[in-house]
Amino acid sequence: MTCPPRGQAVMEHGGARAGSPPGSGAGANMSLRGSGAREPPVVRGTGWLFSPLWSPRSKRRGENFGGEMSSDQAWLDDHSDFTRAYFSRRSSAVSVHPADMSPRMSPRIPRSTSDHSKLLAVAPHRRTSLPVSCSHLDISPQRDRLHPFCSNLSPPDWMDHLCHSPCAPRPSRSSRSCLSPCRPLSAICPQSPDLLCTPKILPPVSSKTPACGRSEGCPWMAGLLGGGLTWMGSVAELCQGAVDHVGELLTAEKGSLSLVKKDCDEKSSLEEVVALTPLGGWSEHSLHCQAHQELLKGVMECVLARDAPMNLRNASEDFRFNLDNNQSSNIKTVLSVPIKNHRGEVVGVVVMINKRSICDGSLSAFTSLDEKVLSNHMDVLGMVLDNIQLYESSRQEAKRSHALIKMAQVLSREHHSFEVLLSKMAATIMPFTCAQYCTIFIPADQTSVIDNKVTFSRVIHLECEELGSTCQIYRREGDITDIDPSYACQTLKTMKTLNMAKCSEESIRSIICCPVRNERSENVIAVCQLTNKQSKDSDDLEAFNRYDECLLEDLAVYCGLALQYSEAVHITEVRRASIKVTQEVLAYHITAAEQEIQALQEAAIPSADSLNILDFNFSDFGLPEDLTAQATIRMFLDLNLVQEFSIDYKSLCQWVLTVRRGYRNNVPYHNWSHALCTAQSMFAMLMATDQLHNIFSRLEILALMIATLNHDIDHRGVNNSYIERTKQPLAQLYGHSSLENHHYNLCLFILSNTGSQILSSLSSEDHRTVLHMVKRAILATDLNVYMQRRKEFFSLVEKNRMKWKCEKQRDLLRSMLMTASDLSAIAKPWPEQKRIANLVAMEFFAQGDKEREEFKIRPIDIMNRENSTRLPHMQVEYIDEICYPLYKAVSQLFDACSPLRDGCVKNRENWLHFAEDTEEEEHGRNA
């Protein structure tokens, strides 16, 4: 059957001529069922939105291609923003069953301009094409266009109303000149551009109905919109289906589609998704591959840059594309439009080449109608692509998060081997990237380039084999010298990710190398290489994509952390071994000689009375060194600590001598003498009153005696402020109360030293309890801690609210007694007090000299040698602000400790008289 004449088509579909205005002609006043006013049909779905009659890309306003247009039709043309918004809202309605469409007509309600203005929104983009051929299209009269289709008609009834359309299944090559009927999906019959076809409401559609989609009820669009948001196929499959469908509609020889890809600098480029594919049965018209690429590149880049369609009647005559005669002979007509998402952003470009006539197969130009059909389909594709890409992005993000969690779990576990750790990291990477091989190259410590080759100290290579649904990853055994390190070397030099789609080796199809950096130094400490990405759907190998790059770069961060962790563990182990060696050396040199220990062990320990250690006025000045150790032993014996805690006597002797050796002899005041006097003051208070024995447990008394003897061990003659200001290792190690923490740690070291373990007979619980109290007591000797806690102590004493069963208050009392013992030199007899004050001043002035020299600052008054004449006044201030309030409170609690308060008061008077005498002498010299 040949193409029908135009006039015949007009007569078959209503008899009205093209361009006749509504209301003219014989059928202008006819009602639907023979009488009454004509009513608009109730249309379900959104298929009509894709009709080229209303397309927003039409530049003509208020009229159709063939003549005038109704006011409703013109309004749709002019308000594409409403039609697009409505299309987006009603996309799910395209699948409504035709049985729901009512054949009854509702009264026609005129619309005013004000009604339309409420529906306006921001108008979407309009495409303006490059020069195209004018289409000869006519629009059916309004009367025919509004005829409804009765849902109760049988197939033969509505088959009579069909027009011939190219959207039907393409005939074979032998019958290409014949046309078979199809459903009336378009108001235009492209075989007869001047004839009219009346659009009808669609009957029930079989799932096997061939896709046409030039306008209303396009099954491809309906299916895509119905399942677009839940599309589970790949983007390539979706784009291929779109190209095949539109190519069939436009009867194009070949089609191609590329999507926009942005690099790190936000520059857009096109990435081919659908290569030039033969469409329909036009495969005998072959095109040159080079011409394909040149044409695609030129046309698509032009469309992308101009953000507008391009319609070429003859590509060979276009000066923008340089095609030789052989190439141009096969490339004539080209139509390309941009693909945009709902935000108007260009996400891709589609191109169609060589339109063929269905009747005779001859080449013809793409019409404006073809451009509209292609653009409308690409609008739908752009929207669905946006949703699919968003879904794919979220899916990949979930996959990425899962991979990173796995890597973090691997990193968090303890690994005894560096190679095992990296092997587990590589084994985690491979399943997520579908790589067949993973190789980690670790450069040598001193990377050297010999003959332009980078040396690697270690190479870890893993291989993956698919075993059904599981993936077995094993480390490659044997020689790995056959692994090509050239790509790793290139990555190491450029410090950038390398992605090769093809390699020279036949066994390698794809490869990606990523540098692993040290976060601190930003140096490349390793190179992670993945090889041969395996397809999930087939046995073929794929190229690593941008997502694989990003995932590998993220995972490389964890690899870097693993390498740093391994390096840190190695350094820690080395330092731990070094510390152990240092402790062994320290233990050897700090421990007293065996002869000295034996001499003390065999010596007869004098009584407390003969040593005068029960008197608060005790002074070790002039006491032989041997007697100082014996006096310490006597304290432990008289407090019954040796007997009660089963302390080995030899261990006690070694411990006392080792503690004595722990103090520095070159420090004027904070030396062994000060430690002995502090312990003697605590011993005197404990022995002077039975109240303390009732308040404290035996473990607390033991802890107090250990703490007083060790509270200043290894003192350096400077305070915490100086240590922090000079950034000494002690300040970095402890942060606060640096000296006191150091004293406790050294005390702990001696207690655990072989031969000095005086607490070895204690249970583990008692041992922990004693050490905790020792630490609290030593830290309490920091004057800053004392100043913070004394207000609470003074308040409890004044109000007589001390509750000794409360551990917190007992801890507070232990802290105050430690400070009272530490400062007890201020209560000694005047000659002793004056001598000790000079030793303290000597130590403080030495620190002030260091601060003046190192920091170029003026020291505080008590450390400024220039204020040496003000020493008496400073001592008076020291007693008033620090010492007297404490001894007053302790004496209120324990009357037996009042000698400390009284001695403090006497020394204040002595210092005040000394200050007056000094001032008189100074005044006499100046006079």
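Residues numbered from 1 in each chain as written. Predicted model: local features only at pLDDT ≥ 70, side-chain atom pairs only at ≥ 80, totals over all residues. Heavy atoms only, no water.

Novice: I would appreciate a short explanation of the nonpolar core in the present structure.
Specialist: The nonpolar side chains of a soluble globular protein tend to be buried with one another. One finds W655, M705 and F793 to be the most contacted residues of the largest nonpolar core, which totals 96 residues. Ranked by residues supplied to this core, first place goes to helix α20 (residues 672-688) with ten residues. With residues near it in sequence (within four places) discarded, W655 still touches F636, I706, L709, N710, I750, L751, S756 and I758. Core analysis: the next-biggest nonpolar cluster, separate from the first, contains 35 residues, A242, L279, I339 and L381 among them. (Core = buried A, V, L, I, M, F, W, Y, C linked by side-chain atoms within 4.5 Å. Buried < 20%, exposed > 50% of the residue type's maximum accessible area, 1.4 Å probe, protein only. Helix = DSSP H or I, 4+ residues; strand = E, 2+ residues; numbered from the N terminus. Contact = heavy atoms within 4.5 Å.)

Novice: Teacher, can you tell me more about the environment of F618 here?
Specialist: Relative to the elements of secondary structure, F618 occurs in the loop between α16 (608-611) and α17 (625-638). Measuring from C-alpha to C-alpha, the distance between F618 and C677 comes to 7.6 Å, with 59 residues separating the pair along the chain.

Novice: Looking at this model, I keep getting lost on the pattern of salt bridges. Mind explaining?
Specialist: A side chain of one charge can pair with a side chain of the opposite charge when the charged atoms of the two come close. Applying the stated criterion across every chain yields a total of 28 salt bridges. With its nearest N and O atoms 2.7 Å apart, the salt bridge here joins K340 to D307. With K340 in strand β4 (residues 334-340) and D307 in the loop between α9 (289-306) and β3 (310-312), this pair connects stretches of sequence that are 33 residues apart. Overall, K340 belongs to the buried group, its relative accessible area being 3%. What makes D307 partly exposed here is its relative accessible area of 30%. The residue R776 makes a salt bridge to D811 at a minimum N-O spacing of 2.7 Å. (Salt bridge = Lys/Arg side-chain N within 4 Å of Asp/Glu carboxyl O.)

Novice: Mind showing me how you'd approach the packing of helix α8 (residues 235-250) against helix α11 (residues 368-412) here?
Specialist: Pairs of packed helices are described in terms of their axes, by the angle between the two and the distance that separates them. Running from N to C, α8 and α11 point in directions that differ by 170 degrees, and their axes come no closer than 11 Å. Judged by the angle between their axes, α8 and α11 are roughly antiparallel. Contact residues: V235, L238, C239, A242, H245, V246, L249 and L250 in α8; D370, V373, L374, H377, M378, L381, V384, L385 and I388 in α11. Of the residues contributing to the contact of α8 with α11, the split by class is 14 nonpolar, two polar and one charged. (Axes fitted to C-alpha atoms, helices over the stretch in contact; angles between N-to-C directions. Parallel < 35°, antiparallel > 145°, perpendicular 65-115°, else oblique. Nonpolar A, V, L, I, M, F, W, Y, C, P; charged D, E, K, R; others polar.)

Novice: Just checking my understanding: could you explain the state of the cysteines for this structure?
Specialist: By definition, a disulfide is the covalent link that joins the sulfur atoms of two cysteine residues. Taken as a whole and assessed by the stated rule, the structure comprises zero disulfides. The cysteine C489 is free of any disulfide, with C513 supplying the nearest cysteine sulfur at 9.5 Å. On the accessibility criterion, C489 (11% relative accessible area) is buried. Here C904 stays free of any disulfide, with the sulfur of C883 as its closest cysteine sulfur at 5.3 Å. A relative accessible area of 0% means that C904 is categorised as buried. (Disulfide = S-S within 2.5 Å.)

Novice: Help me out: how do you make sense of the side chain of E253 in this one?
Specialist: The residue E253 is located in strand β1 (residues 252-262) in this model. Reaching out from E253, the side chain makes a polar contact with the side chain of R356 at a distance of 2.3 Å. (Polar contact = N/O pair within 3.5 Å; in protein donor to acceptor, adjacent residues only side chain to side chain.)

Novice: I keep staring at α20 and nothing clicks. Help me out?
Specialist: Helical geometry note: an α-helix holds 3.6 residues per turn, so side chains three or four residues apart project in the same direction. Between its terminal C-alpha atoms α20 stretches 24 Å, which fits the 24 Å expected from 17 residues at 1.5 Å a residue. With 14 of its 17 residues buried, α20 lies for the most part within the structure. Sitting at the amino-terminal end of α20 is N671, which places a side-chain oxygen 3.2 Å from the backbone nitrogen of S673. (Expected span 1.5 Å × (residues − 1).)

Novice: Can you help me understand the packing of aromatic side chains in this one?
Specialist: The geometry of an aromatic ring pair is captured by two quantities: the separation of the ring centres and the angle between the planes. With the rule as written, the count across this model stands at eight aromatic pairs. Between F793 and F794, the ring centres sit 6.2 Å apart and the planes meet at 55 degrees, which makes this aromatic pair tilted. The same class applies to F793 as to F794, namely buried. The rings of W830, W911 and F914 are connected pair by pair, giving a single aromatic cluster. (Phe/Tyr/Trp six-rings, centres within 6.5 Å; stacked < 30°, edge-to-face > 60°.)

Structural measurements only, silent on function.
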